[in-house]
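A look at the structure
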Amino acid sequence: MSIDLEHYLVLSATLFAIGLFGTMAKRNFVVILMSIELMLNGVNVAMVAFSRYVVPGEFTGHVFAIFIITVAAAEVAIGLGILLGLFNRRGIVDASEMDLLKW
Amino acid sequence: MVAVAAFWILAASAVAGALGVVVARNVFYAAIGLVVSLIAVAGLYVTLDADFLAVAQFMIYVGGIAVLIVFAVMMTAQLRRGSQTNRLWPGGLAIAGLLYLSLVSGIMQTDWETSSGAIPTSPMVASAADEGVRLPDVLFSTYLLPFELAGVVLLVATIGALVIARDDSAPSL
C-alpha cells in the first residue's frame, strides 16, 4: 500500500480534534495554549499535504504553513505574557478563575 | 516502503504526543508530549518533501515555543494543582468527537483531485540549473506583502508581550 492524501488528512483531523478537546476541557492556561498549538499543527499538516498532492511544485501550502507558524509564535508570546501577568498580580493559572472581565 | 513505515511511525508518535498533552495530569509531562508531537510533525514534513518547513518547525516550535512553554510551566509551578479538566469536559469530548467523525467521513467521501504529474525533488536539494519554481520565488514575489505584514505582527506581539508581562511593582528604568 502507499500513503495517499487521505492518510495525511485523517492525521490532521486527529490532531485538530485532540487539540480542540484540550482547549475546551482543560483548566490550566498553559495546557490550553499547548492544545491550541496542536490544532495549528494539525492544520499545517493538511496545508502541506494538499500542496504536495494537489499542486506539486507550487508551494502555495508551504507559504500558508509559514504564516501559520509565524502567527502561532506571536500567539504563544502574547498568551504567556498574559499568563505571567495574571500569575504575578493575582496568582492564578486556572482559566476558570480568570473572571476579570465578568460581572 | 521506507516512506510508508516512516509515515506510520511518525503519525503514531504525533498522535501519542498529542494525547499525552490532554491526558497527562502533570503539566510538565504534557509539555514533553507536546515536544514529541511537534518533532513527529517535523518528520512528517520531510515525508511530504517540505524540507525547509521541517527545519523551520524544528527551530521555531521545538527550539522556541516549547522552551517558552516549559519556562512558563516552571514559573507557575508553585500551584500544585496539576492539569485538571473542567466541569464541562464531557461536552467538550462530545463536540470534539462529533467534529472528528464528520471530518473523517467528509475526507473519506470526497474524491480528491490529486495531481499525478511529476513530483519535483526536494526544493532545497534541487540543482541551480533546475528551472522549476522554488519556495523563495513564491514567498518574495506573490506573497511579499503578507511576508512584510508577518514581520509587523511579530514586532507588535513582542512589544505587547513585554507590556503585558511587565511587573508594575518593579522600579521603572
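Rules used throughout
- Going along each chain's sequence as written, the residues are numbered from 1 onward.
- Chain labels run from A onward and ligand labels from 1 onward, assigned in the order the entries are written.
- Where totals are concerned, whole chains, interfaces and linings use all residues; where local detail is concerned, this predicted model gives features only for residues with pLDDT of at least 70, and gives and counts side-chain atom pairs only at 80 or more.
- Per the convention used, a helix needs a DSSP run of H or I reaching at least four residues, while a strand needs a run of E reaching at least two, with both numbered from the N terminus.
- The burial label depends on the number of other C-beta atoms within 10 Å of a residue's C-beta. Counts of 20 or more mean buried, 12 or fewer mean exposed, and intermediate counts mean partly exposed, with C-beta atoms placed from the backbone.
- Throughout, a residue-residue contact means that the two C-beta atoms, derived from backbone geometry, are no farther apart than 7 Å.
- Side-chain classes are defined by residue name, with Ala, Val, Leu, Ile, Met, Phe, Trp, Tyr, Cys and Pro counting as nonpolar, Asp, Glu, Lys and Arg as charged, and the others, Gly among them, as polar.
- What pLDDT conveys is the predictor's confidence in a given residue, as a value from 0 to 100.
- Boundary definitions for the domains trace back to an automatic or database domain assignment.

**Observations concerning the environment of A:I69**
- Relative to the helices and strands, A:I69 is located in helix α3 (residues 60–90).
- Look at A:I69 and you get buried, because 21 C-beta atoms sit within 10 Å.
- Once you skip the residues sitting within four places of it in the chain, A:I69 turns out to touch B:A56, B:Q57 and B:I60.

**Quick word on the interface of chain B and chain A**
- Between chain B and chain A, the residue contacts involve 76 residues of the former and 66 residues of the latter.
- Among the secondary structure elements, those contributing two or more residues to the side of chain B that touches chain A are α1 (2–23), α2 (27–47), α3 (51–75), α4 (89–109), α5 (135–139) and α6 (144–165) of chain B.
- Of the residues assigned to the side of chain B that touches chain A, the class counts are 57 nonpolar, 15 polar and four charged.

**Quick word on the confidence of the model for chain A**
- With 98% of its residues at a pLDDT of 70 or more, chain A shows a mean pLDDT of 88.
- The secondary structure element of chain A with the lowest average pLDDT is α3(A), at 89, and the one with the highest is helix α1 (residues 5–25) of chain A, at 93.

**Topic: the confidence of the model for chain B**
Residue and element names in this part refer to chain B.
- Put simply, chain B has an average pLDDT of 83, and 83% of its residues get 70 or more.
- Within the model, the stretch residues 124–129 combines pLDDT values under 50 with six contacts to residues more than four positions away or in other chains.
- Both confidence scores are given for the complex: pTM 0.87, ipTM 0.90.

**Quick word on the domain arrangement of chain B**
- Splitting chain B by domain gives domain 1 (1–82) and domain 2 (133–167).
- The distance between the C-alpha centroids of domain 1 of chain B and domain 2 of chain B comes to 23 Å.

**Regarding unusual backbone geometry**
- The residue A:F59 is not glycine, and still its phi comes out positive at about 65 degrees.
- Relative to the helices and strands, A:F59 resides in the loop between α2 (29–53) and α3.
- A positive phi angle is found at B:D49, which is not glycine, with a value near 60 degrees.
- Looking at the element boundaries, B:D49 is found in the loop between α2 and α3.
- Look at B:D49 and you get buried, because 21 C-beta atoms sit within 10 Å.

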